[in-house]
Amino acid sequence: MSFALAVPVISAVAVAGVEFSNMTSVRSKLQAAADTAALSSARELRFANANASVITKVADDYARNAMVSLIGDSTGSVGSNVDRTKGTVEVTISRPYKPVVAPGMFGVPDVINVQATGRIGGGAPVCVLGLDPVLPLAIMLDANARLTAPDCVVYANSRSFSSLATLRNGVITAKVICTVGGKIGRAASFLPDVITGCPQIQDPLASRAPPPVSALCKATDLVVSATNTTLQPGTYCGGLKITAGSNVRLDPGVYIIKDGPLVVDGGSSLTGNYTGFYLTGAKAVVNFADSSIISIVAPKDGPLASFLFFEDRNAPILRLHRITSNDARVMLGTIYLPRGILHVDADKPVADRSAYTIIVARHLHLAAGPNLVMNANYANTDVPVPQGMGVVGQTSQLIK
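About the thresholds
- Numbering of residues starts from 1 in every chain and runs along the sequence as written.
- With the structure being a predicted model, the display of local features is reserved for residues of pLDDT at least 70 and the display and counting of side-chain atom pairs for 80 or more, all residues being used for whole-chain, interface and lining totals.
- To get the side-chain values, all heavy atoms of the structure are used, and hydrogens and water are removed first.
- Note on conventions: DSSP H or I runs of at least 4 residues are helices, E runs of at least 2 residues are strands, and numbering of each starts at the N terminus.
- Whether two residues touch is decided by their heavy atoms; if any such pair falls within 4.5 Å, the residues are in contact.
- Criterion for a disulfide: a pair of cysteine sulfur atoms within 2.5 Å.
- Burial status follows relative accessibility: with a 1.4 Å probe on protein chains alone, a residue under 20% of its type maximum counts as buried, one over 50% as exposed, and anything between as partly exposed.
- Here pLDDT means the predictor's own confidence in every residue, given as a number from 0 to 100.

Describing the environment of T229
Positionally, T229 belongs in strand β13 (residues 228–231). Sequence separation between T229 and R249 is 20 residues, and the spatial gap between their C-alpha atoms is 6.4 Å. Residue contacts for T229: discarding those within four places in its chain leaves V224, N247, V248 and R249.

Describing the state of the cysteines
Taken as a whole and assessed by the stated rule, the structure comprises 3 disulfides. Linked covalently through their sulfurs, C127 and C152 form a disulfide whose S-S length is 2.1 Å. Taking the torsion about the S-S bond as the criterion, the C127 to C152 disulfide, at about 70 degrees, is right-handed. Residue C127 is located in strand β4 (residues 124–130), and its partner C152 is located in strand β6 (residues 146–156); the two are separated by 25 residues in the primary sequence. The class of C127 is buried, set by a relative accessible area of 0%. Put simply, C217 and C237 are joined by a disulfide, and their sulfur atoms are 2.0 Å apart. On the sign convention where negative means left-handed, the S-S torsion of about -85 degrees between C217 and C237 marks this disulfide as left-handed. In this pair, C217 is assigned in the loop between β11 (195–196) and β12 (219–225) and C237 in strand β14 (residues 234–243), connecting sequence segments 20 residues apart. You can call C237 buried: its relative accessible area is 11%.

With respect to the confidence of the model for the protein
Across the protein, pLDDT averages 90, with 90% of residues at or above 70. Predicted confidence is poor over residues 3–7, with pLDDT under 50, and the contacts of this stretch with residues over four places away or in other chains come to 0 contacts. Contacts from residues 9–13, a stretch scored under 50 in pLDDT, to residues over four places away or in other chains number 1 contact.

See below:
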């Protein structure tokens, strides 16, 4: 009699145990799907200018694919919350639960909810960006050239299979090295290894307005030769050439180099604090010769705040700017050449004594043994960093 009375209770406990075990298994699989989606979508935050809608789509895809793999179908809703400031992606999954043993019994929930949060870590600012979206060699090092950016990111934006190249012992050292397309070069030439397949990004400085250009010329076809002098801001029509051992100091302000080059050669020097150059007109290129001495710091305010060089966005495509100076160790600020090629072929370190340097150019090419040093000591100067330069991370981890 006692056994007969106990049978229903024992059966109910057994059924409840089976149901609870099944529900726990489903919850565990859903949690694994949420964890996978959170980690995978958080990796998208590694990249500059990561798009929240793209990250949301990535989270949904990973969650549903994981549910199919683990449970057999993707029934349910997937939500995500992207917080770029915190570098996190929160993924939630809600899935209806149908009891498999005894529907309506034991208070089994109708819906199972799970949540996971992934965070990107080890983030660093972009300090070198080769903008070209299509052509090869957006960033290229040749003949023992070095690009040293220990605290920031080198980013090649071209989808070409040879978007990023190190040839003949060129070496890139950076916090993160990222390319949309492919890379060419020995593994030892990239420290750390390159992240390929990065998302293509838009020009992060495209919204920055150029400075106004006065119709009045401060000087026309000015050549400073064998003399020491101080120049004032203004429009230098026909360009500016400093040669034959001249020493030129620039007063703070904006220098418009119009319809001609900015040339420093013949053992001459160019120095200026809080000075920026706007390059406008087909012939407005930079040429710092090997024997020149360059020491320039970008403006801390005004229309060219943070910019050393700002190239007219209507300039001819792929024109050449050259820095071959063996004494250009202070170049503090942003070099913005959205249409041009910056070619650095000095024999000595370049920009290594600058608190920070940022290069955004159509192409960046280094050759003949320079070491272009991209410091990122932003707190050590009153020259601001231009808005729009994104942060790229390295790792993602679950935090919840």
